[in-house]
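Architecture at a glance
Given next are the chains, with one letter for each unit.
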Amino acid sequence: MEELIITGQTKQEKYETLLPQIASVIEDEQDMIANMANVAAMLHETFRFWWTGFYRVQGDQLVLGPFQGPLACTRIAKGRGVCGTAWQKAETVVVEDVLQFPGHIACSSASRSEIVVPMIYNGEVFGVLDIDSEKISTFDDVDVLYLKKVVEILSKKLITIAC
Ligand code: SME
C-alpha cells in the first residue's frame, strides 16, 4: 500500500476505514519499530492530532519510540505522568484536561488533552500508544474502542517476534 485513503465523515467511520489499512501495512513487516512508525504516521495523518507516538518499556522506564509531532521527552519513569500511569495500571487513561491531571508531564504547553493506551503482551506492558490534542476533551469512548483495536493489531505481531 502506498497511500492512505480515508473516507467517512464521523470519527468512527474514519477509524473503520483506517483499521484494515493499518492491519495491511503491518501484516508482512516483522520490524516493530517500522510498524510503530507507520501506525503513528497513519493515525496522525488521519486525525491531525497534536502528537501521536509510542513509548517502549526499557527496564524501569518508558523510552521514546516512533512518533509524529513536536519534540517530546525521551524517558518517563513508571507511574509518572499519563504514560507512566497507564503503564503502571496496565489500563487506558483518558485525560480531558491535562492541567487537571496531577503529575502530567508537559512535553508541549500546547497539549490540552491526552489518551494513553498500554500495549500488552503475555500480561506484560511492553509499550504505550500516546496521543495528545491541543484541544480539551478530544478523546472519548470511540477513540478508546478503536485505539485499543490498533494496539491489539500491533500486539498480535509479537506472538511471533520480539519487540
Ligand atoms: N504528557 C505525557 C508525556 C509524553 S508527551 O505528551 C509526548 C505524560 O504525561 O505522560
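Residues numbered from 1 in each chain as written. Predicted model: local features only at pLDDT ≥ 70, side-chain atom pairs only at ≥ 80, totals over all residues. Heavy atoms only, no water.

Some details on the pattern of salt bridges
Evaluation of the coordinates by the stated rule reveals 4 salt bridges. In this structure, D140 engages K11 in a salt bridge whose closest nitrogen and oxygen atoms are separated by 3.1 Å. Of the two residues, D140 is situated in the loop between β6 (124–133) and α4 (141–157) and K11 in helix α1 (residues 11–27); the sequence distance between them amounts to 129 residues. Note on D140: relative accessible area 35%, which makes it partly exposed. Of the charged contacts in the structure, one is a salt bridge between D143 and K11, with a shortest N-O distance of 2.6 Å. With D143 in helix α4 and K11 in helix α1, the pair connects residues that are 132 residues apart, well separated along the chain. On the accessibility criterion, K11 (25% relative accessible area) is partly exposed. Salt bridges sharing common partners tie together K11, D140 and D143. (Salt bridge = Lys/Arg side-chain N within 4 Å of Asp/Glu carboxyl O. Helix = DSSP H or I, 4+ residues; strand = E, 2+ residues; numbered from the N terminus. Buried < 20%, exposed > 50% of the residue type's maximum accessible area, 1.4 Å probe, protein only.)

Section: the site of the ligand
Taken together, 13 residues form the shell around the ligand, and within it V82, C83, I105, E114 and D132 come nearest. Residue E114 places a side-chain N or O atom 3.1 Å away from a nitrogen atom belonging to the ligand. When the free accessible area of the ligand is taken as 300 Å², the share hidden by the protein chains comes to 99%. Every element with two or more residues in the shell around the ligand is listed here: β1 (51–58), α3 (81–89) and β6. The leading source of residues in the shell around the ligand is α3, at 3 residues. (Near = heavy atom within 4 Å. Polar contact = N/O pair within 3.5 Å; in protein donor to acceptor, adjacent residues only side chain to side chain. Areas by Shrake-Rupley, 256 points an atom, 1.4 Å probe, with all protein chains shown as cover.)

A closer look at the packing of aromatic side chains
Under the criterion given, the structure shown has 6 aromatic pairs. Residues Y15 and F47 carry aromatic rings whose centres are separated by 4.5 Å and whose planes lie at 40° to one another, so their mutual orientation is tilted. Within this pair, whereas Y15 is found in helix α1, its partner F47 is found in helix α2 (residues 32–47), the two being separated by 32 residues in sequence. The burial state of Y15 is the same as that of F47; both residues are buried. When the ring of W51 is compared with that of F67, the centres are 5.1 Å apart and the planes differ by 20°; the resulting orientation is stacked. (Phe/Tyr/Trp six-rings, centres within 6.5 Å; stacked < 30°, edge-to-face > 60°.)

Points about α4
Taking 1.5 Å of rise per residue, 17 residues should cover 24 Å, and α4 covers 25 Å from first to last C-alpha, within 8% of that figure. Restricting attention to buried positions, one finds in α4 the residues D143, V144, Y146, L147, V150, V151, L154, S155 and K157. Near the N-terminus of α4, the side chain that reaches the backbone nitrogen of V142, with its oxygen 2.9 Å away, is that of D140. (Expected span 1.5 Å × (residues − 1).)

Thoughts on the state of the cysteines
Applying the stated criterion across every chain yields a total of 1 disulfide. Across a sulfur-sulfur distance of 2.4 Å, C73 and C107 are joined as a disulfide pair. Taken together, the residues C73 in the loop between β2 (61–68) and β3 (75–77) and C107 in the loop between β4 (93–95) and β5 (113–121) connect sequence positions 34 residues apart. The closest cysteine sulfur to the non-disulfide-bonded C83 is located on C73, 7.4 Å from its own sulfur. (Disulfide = S-S within 2.5 Å.)

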